[in-house]
Amino acid sequence: MQAIPAGNDQERNLQIAESYCRQAADRGADILLMPEMWNIGYRGFTDFNQQTVAAWRQQATPVDGTWVGRLRALAKELDLAIAATYLQSYHPHPRNAVSLINRHGEIVLTYGKVHTCDFAFEAALTPGTGWEAVDLDTKHGSVRVGAMICFDREFPESARSLMLAGAEVVLTPNACLLDSLRLAQFQVRAYENSMAMVMTNYPAPQNNGCSVAFDAAGSQIAKAGQEQGLHYADIDLASLRFYRERSLWGNAWRRPHRYDVLTQAADRGVFQREDAFGNAFDPSSR
């Protein structure tokens, strides 16, 4: 769903999403994926004062609230899984989240973005705690699905964690300009982990579209332009599984007992940064 939102009008954005869901169901789609934080159209703030931040956080909606609830009912009505993205009510602060609703209207996964963009307004959010994959029942059988969100895809650890959780398909809501390097990076995430990777972005003029999907071998199976609309990616599960059983990549030849340095705290040196509130970035504090 590469769509233009109605600003942060949550009711109108819900109506737009419903229209796209109905079109997707009519075409026989199994899953509809929304761009990042669709309920408020990924609208943030630039004035980092206490009142502005508090007002922005008030736009958060709970996972068991009306906004998500209406999409659950719609998923059941249409026999369509929906990856719903929204600013989620959470403690101590909201999360940038996606909830995967299966075709029976049940939430099978709610993922909070781990790599929040702390150099911008996402410093006002609570980061997620990790990645998991779930078995999603579709009309074509069960498929193991995971999720990451936008900036997550720029860290190889995100996709690697999902691969280790058994993900076959990774859904990736996005909200940024996608250039050739970022698209190549996303393609490599599919190739090096033997997973199908699917990403939906906002169209121009908000971002530049380029929603894309790659199969487990890293081959492009769908690519959108800059305009809004529905774009479809067909993932052949039999071929995906055949490839994964023979791939040199993924978890076939890794030596994780040699990777301790990847999880050790270390001086960031030249890479030390301040977040958007002017605080030294400390990942262990969030």
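Before reading on, note that the structure itself is shown above.
(A) The arrangement of the overall build of the chain in detail. Per the secondary structure count, the chain includes six helices and ten strands. Whereas a compact globule of 286 residues would reach a radius of gyration of roughly 19 Å, the chain reaches 18 Å, a difference of no more than 12%. Taken along its principal axes, the extent of the C-alpha atoms in the chain is 50 × 50 × 35 Å. Burial status across the chain gives 49% buried among its 286 residues. Sequence-distant contacts, at least 24 apart, represent 65% of the contacts inside the chain between residues at least 6 apart. Element-wise, carbon and sulfur atoms account for 51% of the exposed surface of the chain, whose accessible area totals about 13700 Å². Treating the 27 positive side-chain charges of the chain as one cloud and the 32 negative ones as another, the clouds have centres 3 Å apart.

(B) Region of interest: the nonpolar core. Judged by nonpolar contacts, the single largest core of 43 residues is most densely connected at Leu100, Leu171 and Met195. With four residues, strand 8 (residues 196-200) is the single largest residue contributor to this core. With residues up to four places along the chain from it excluded, the contact list for Leu100 reads Ile82, Ala83, Glu106, Ile107, Val108, Leu109, Val134, Leu136, Val145 and Leu171. If you look at the next biggest cluster of nonpolar residues, it comprises 38 residues, including Ala3, Leu14, Tyr20 and Ile82.

(C) Seen up close, the sheet that holds strand 5 (residues 133-138). With respect to topology, six strands assemble into an open sheet ordered 5-6-7-8-9-10, the strand pairing being mixed. Pairing within the sheet leaves two strands with one partner each, and these edge strands are strand 5 and strand 10 (220-223). Each strand of the sheet is rotated relative to its neighbour by a mean of 20°, with strand direction disregarded. As defined by bridge partners, strand 8 adjoins strand 9 (residues 212-214) across three bridges and the pair is classed as antiparallel.

(D) Examining the side chain of Asn201 more closely. One can find Asn201 in the loop between strand 8 and strand 9. The buried category is assigned to Asn201, whose relative accessible area is 0%. Here the side chain of Asn201 touches Gly209 through a polar contact of 2.9 Å, landing on its backbone oxygen.

(E) Structural context of the pattern of salt bridges. Following the criterion strictly, the structure yields 15 salt bridges and no others. For Arg70, the salt bridge identified is with Glu11, shortest N-O distance 2.8 Å. Within this pair, whereas Arg70 is found in helix 3 (residues 66-78), its partner Glu11 is found in helix 1 (residues 10-26), the two being separated by 59 residues in sequence. A salt bridge links Arg189 to Glu192; the shortest N-O distance between them is 2.9 Å.

Definitions and limits used
Residues numbered from 1 in each chain as written. Predicted model: local features only at pLDDT ≥ 70, side-chain atom pairs only at ≥ 80, totals over all residues. Heavy atoms only, no water. Helix = DSSP H or I, 4+ residues; strand = E, 2+ residues; numbered from the N terminus. Rg over C-alpha atoms; globule rule 2.2 N^0.38 Å. Buried < 20%, exposed > 50% of the residue type's maximum accessible area, 1.4 Å probe, protein only. Contact = heavy atoms within 4.5 Å. Areas by Shrake-Rupley, 256 points an atom, 1.4 Å probe, with all protein chains shown as cover. Lys, Arg positive; Asp, Glu negative; His and termini not counted. Charge placed at Lys NZ, Arg CZ, Asp CG, Glu CD. Core = buried A, V, L, I, M, F, W, Y, C linked by side-chain atoms within 4.5 Å. Pairing = 2+ DSSP bridges. Axes fitted to C-alpha atoms, helices over the stretch in contact; angles between N-to-C directions. Polar contact = N/O pair within 3.5 Å; in protein donor to acceptor, adjacent residues only side chain to side chain. Salt bridge = Lys/Arg side-chain N within 4 Å of Asp/Glu carboxyl O.

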